[in-house]
Amino acid sequence: ADCRYTCHQECRSLIQLDCRRPGQCQGRLSPEGTLLPPCSQNVTQTVEEEKPEPPTIQEIKQKIEKYNAKVTNCLLMKLNDDGTYTGFIKVHLKLRRPVTVPAGIRPQSIYDALREVNLADMTAKRTSFYLPLDAIKQLHISSTTTVSEVIQGLLKKFMVVDNPQKFALFKEMRKDGQVLFQKLPLTEYPLYLRLLAGPDTDVLSFVLKENETGEVEWDAFSIPELQNFLMILDKEEKDKIQQVHRKYERFKQRLQQTLKEARGKPG
């Protein structure tokens with residue numbers, strides 16, 4: 001009644017107001033004309049989200065059996081005796097910026113992988129390049145593997161030395177003909193999401209993208225990377241200017257052609 005505060009009905013319990021005139025905000029209309037529920041002098045409530053109980057081993061077993069029954073390839077999930085399970089996820093790489101990798105490093109061999117040799121530590125030289133757009137990487141992970149570990153694992157496979165905080169893992173869903181992206185928290189378990197959604201990647205897929213939520217932490221970038229960004233922005237700006245010029249040049253030509261054709265016609 002006094003401050004004309006408006007909120008969604010489901011958000012009401014999260015709002016803390018200092019109502020100085022009790023009884024004057026009963027069933028009022030918001031400035032937008034939306035009827036809000038009656039409020040009291042103090043609408044503060046402690047809302048505790050009920051976390052779902054973790055599934056039992058038997059429930060996990062049933063879900064895995066159901067999942068494996070839909071698999072059309074050999075990428076099955078396997079249940080361990082301790083209740084954990086392993087399986088495969090595919091991650092689409094949709095990075096628009098160049099990544100930083102060691103310069104002059106040979107590809108990692110199976111022998112290096114078994115010894116867990118980090119080839120990036122063998123040289124201080126760095127270079128930048130673009131990863132193939134929409135490349136797909138398949139990972140074998142556990143149910144205890146977090147989003148943070150998946151991101152670090154992907155960067156290690158491509159020998160990317162950039163700060164992992166520059167990247168984020170998204171889940172891509174298709175609904176009503178629309179493609180929806182949702183950023184996953186670093187503590188989420190991707191394999192559990194894969195298990196719940198089933199093996200169909202049209203229902204759910206994972207995408208690695210730049211982490212662009214919030215303010216950009218420029219301190220996390222090196223000077224060569226920042227210079228690369230300036231070059232990329234300069235190129236994009238020039239391309240955009242050329243597109244605008246071409247667009248209005250075509251419009252100008254059509255307009256001149258229309259005027260030319262109309263000169264010989266009466267009225």
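Fair warning: this is a prediction, and the values are worked out from it, not measured in the lab.

Asker: Whenever I open this one, the packing of aromatic side chains confuses me. Can you help?
Answerer: The way to describe two aromatic rings as a pair is by their centre distance and the angle between their planes. In the structure shown here, the tally under the stated rule is zero aromatic pairs. Geometry around Phe 170 places Lys 209 over its ring, the cationic atom sitting 5.2 Å from the centre. Here the basic side chain of Lys 209 rests over the ring of Phe 181, its NZ or CZ set 4.4 Å away from the ring centre.

Asker: Could you clarify how one ought to interpret helix H1 (residues 57-70) in this entry?
Answerer: Along an α-helix, a turn takes 3.6 residues, which lines up residues three or four apart on a common side. Here H1 contains 14 residues, and its C-alpha end-to-end distance of 20 Å stays within 8% of the 20 Å for a straight helix at 1.5 Å per residue. Turning to H1, its buried residues are Ile 60, Ile 64 and Tyr 67. Each buried residue of H1 lies within a common arc of 65° when the element is viewed along its axis, so the set occupies one face. Turned more than 90 degrees from where H1 packs its buried face, Lys 66 and Ala 69 sit exposed. Against strand S1 (78-79), strand S2 (85-93) and helix H4 (190-197) lie the buried residues of H1.

Asker: How should I be thinking about the environment of Arg 174 in this particular structure?
Answerer: Relative to the elements of secondary structure, Arg 174 occurs in strand S6 (residues 167-175). The spatial distance from the C-alpha of Arg 174 to the C-alpha of Ser 205 is 9.4 Å, given a sequence separation of 31 residues. Discounting chain neighbours no more than four positions away, the residues touching Arg 174 are Val 179, Asp 202 and Val 203. Separated by 3.3 Å, the side chains of Arg 174 and Glu 172 make a polar contact.

Calculation notes
Residues numbered from 1 in each chain as written. Predicted model: local features only at pLDDT ≥ 70, side-chain atom pairs only at ≥ 80, totals over all residues. Heavy atoms only, no water. Phe/Tyr/Trp six-rings, centres within 6.5 Å; stacked < 30°, edge-to-face > 60°. Lys NZ or Arg CZ within 6 Å of the ring centre and 35° of its normal. Helix = DSSP H or I, 4+ residues; strand = E, 2+ residues; numbered from the N terminus. Expected span 1.5 Å × (residues − 1). Buried < 20%, exposed > 50% of the residue type's maximum accessible area, 1.4 Å probe, protein only. Arc of directions from axis to C-beta. Contact = heavy atoms within 4.5 Å. Polar contact = N/O pair within 3.5 Å; in protein donor to acceptor, adjacent residues only side chain to side chain.

By themselves, these observations are geometric and do not establish any function.
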